[in-house]
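In case you want the letters, here they are:
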Amino acid sequence: MPVDPYIVALLATVGLAALLPARGTSADVASGASTAAVSLLFFLYGSRLSTREALDGLKHWRLHVTVLACTFVVFPLLGLAAKGLVPYVLTPALFSGFLFLTLVPSTIQSSIAFTSMARGNVPAAICAGSFSSLAGIVLTPLLAAALLGDSGGGFSADSLLKIVLQLLVPFLAGQLLRRWVGGFVARHRKVLGHVDRGSILLVVYTAFSEGMVQGIWGQVHPLRLLALVGVEAVLLAVMLALTWYGAKRLGFGRADRIAIQFAGSKKSLAAGLPMASVLFGADASLAVLPLMLFHQMQLMVCAVIAKRRSRDPEEFVSGPPRGAATRTAAGTGTRSG
């Protein structure tokens, strides 16, 4: 049951914001730095994504459509269903954060890592995660506008403009400049990875500082947090079951089912936190709490599942005869095993 070191860093950042929140001029500086960090983050996302790889991955369109449907249709529907738990189990503020969690795109790194560990279709997981992240830049704000309304920090034309300027424009700039900066980004991937994570930590510190200054944490009872954890555990269990058995009903082979399960049941903390800072403003600290809890939960549970699938007998991993496997994995360039 792994504990993500980055979650420890996030919790430490939250603790720092609780003890030493940014106020006055310091808050203005932190807010400006956070805005710049978010723009840099999405510029790096754009400069890393290979357009050629993305176009090649489109050949396995059935798998990608399935993952996108899980991420941006099934997840939000389950999130809306949880509205019946307000106010008995979840407070309105926690429900807004929970619903936002269901709207963010899937992860890339952990989906690939778990798919590889379980001996699944790794190229499909790479493309599925990349497509989900790309689609999320547009779909997450639009879904938030439609489903969260005023509870999403007063989503308006101004919020949409912020999304475009802080997220979409830097991403497109990264894509356009990839020809010149892509090599540099690839050579310094490890160092820039620290920039990624440092940017998100800055966003978290700024958001939680604003929450401390406004005193919103006094509105959350510990029992409500326990209830939130229980609701998220049910959400994760339902999505893991739907992606695994639903993919089987759709005729996917074992390797593709693994990619669908790990890419279709996850939510990206790296993409969700910057978006929340733009969408929720001063209320972002409470809004991102459900996403932070879900992120750690999905890592722990999926690590156990991946390890168990890695011990599947070789004859089960190999799946159907070569012809059937090739038809199932058409367009990926790999066999189902």
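The structure reproduced in this document is the subject of the present report. As the structure is a prediction and not an experimental result, all values here were calculated from the model. Here, residues in each chain are numbered from 1, in the same order as that chain's written sequence. It should be noted that, the model being predicted, local features are given only for residues of pLDDT at least 70 and side-chain atom pairs only at 80 or more, the latter also being counted only at that level, while totals for whole chains, interfaces and linings use all residues. For side-chain calculations, the full set of non-hydrogen atoms in the structure is used, while hydrogens and water are omitted.

### What to know about the side chain of Thr140
Right, so step 1: As for its position among the elements, Thr140 is in helix α7 (residues 122-147).
Right, so step 2: Pairs of N or O atoms within 3.5 Å make up the polar contacts considered here, provided that, within protein, one atom can donate a hydrogen while the other can accept it, and that residues adjacent in sequence are counted only when both atoms are side-chain atoms. Of the polar contacts made by the side chain of Thr140, one reaches the backbone oxygen of Leu103; its length is 2.8 Å.
Right, so step 3: Residue contacts for Thr140: discarding those within four places in its chain leaves Phe72, Phe100, Leu103, Val104, Pro105, Ala135 and Met275. Numbering of helices and strands runs from the N terminus; a helix is a DSSP stretch of H or I covering at least four residues, while a strand is a stretch of E covering at least two. It only takes one pair of heavy atoms within 4.5 Å for two residues to be counted as in contact.

### Here's the deal with helix α13 (residues 269-279)
Right, so step 1: Where burial is concerned, most of α13 is hidden: nine out of the 11 residues are buried.
Right, so step 2: By the burial criterion, the buried members of α13 are Leu269, Ala271, Gly272, Leu273, Pro274, Met275, Ala276, Val278 and Leu279.
Right, so step 3: Near the N-terminus of α13, the side chain that reaches the backbone nitrogen of Ala271, with its oxygen 3.0 Å away, is that of Ser268. Exposure categories follow from relative accessible area, calculated using a 1.4 Å probe and restricted to protein chains: below 20% of the type maximum is buried, above 50% is exposed, and the middle band is partly exposed.

### With respect to the packing of helix α6 (residues 109-117) against α7
Right, so step 1: Under this scheme, a helix contributes an axis fitted over its contacting stretch, all axes are lines through C-alpha atoms, and angles between N-to-C directions fall in the 0 to 180 degree range. The contact between α6 and α7 brings their axes to 9 Å, and the two run at 165°. Here α6 is positioned roughly antiparallel relative to α7, judged by the angle of their axes. Seen along the crossing, α6 lies across α7 with a hand that is right-handed. Each of Ser111, Ile112, Thr115 and Ser116 in α6 lies in contact with α7, whose residues at this interface are Val122, Ala125 and Ile126. Oblique is the label for any angle not covered by the other classes, which are roughly parallel (under 35 degrees), roughly antiparallel (over 145) and roughly perpendicular (65 to 115). Should the near helix be turned anticlockwise from the far one by less than a right angle, the crossing is left-handed, and should it be turned clockwise, the crossing is right-handed.

### Re unusual backbone geometry
Right, so step 1: Looking along the chain, the bond that leaves Val86 and enters Pro87 is cis, with omega of 0°.
Right, so step 2: Despite not being glycine, Arg119 has its phi angle at roughly 60°, a positive value.
Right, so step 3: In this structure, Arg119 sits in the loop between α6 and α7.
Right, so step 4: Given the relative accessible area of 27%, Arg119 is considered partly exposed.

### Some remarks on a nonpolar patch on the surface
Right, so step 1: A contiguous nonpolar surface patch, about 340 Å² in accessible area, is contributed by Leu16, Leu19 and Leu20.
Right, so step 2: With respect to the helices and strands, the residue Leu16 is situated in helix α1 (residues 5-19).
Right, so step 3: Residue Leu16 is classed as partly exposed on the basis of its relative accessible area of 42%. The patches described consist of residues with a relative accessible area above 30% and no salt bridge, like charges being joined within 9 Å and nonpolar side chains (Val, Leu, Ile, Met, Phe, Trp, Tyr) within 5 Å. Each accessible area is a Shrake-Rupley estimate made with a 1.4 Å probe; only the visible protein chains count as cover when residues are assessed. A pair is scored as a salt bridge if a Lys or Arg side-chain nitrogen falls within 4 Å of a carboxyl oxygen belonging to Asp or Glu.

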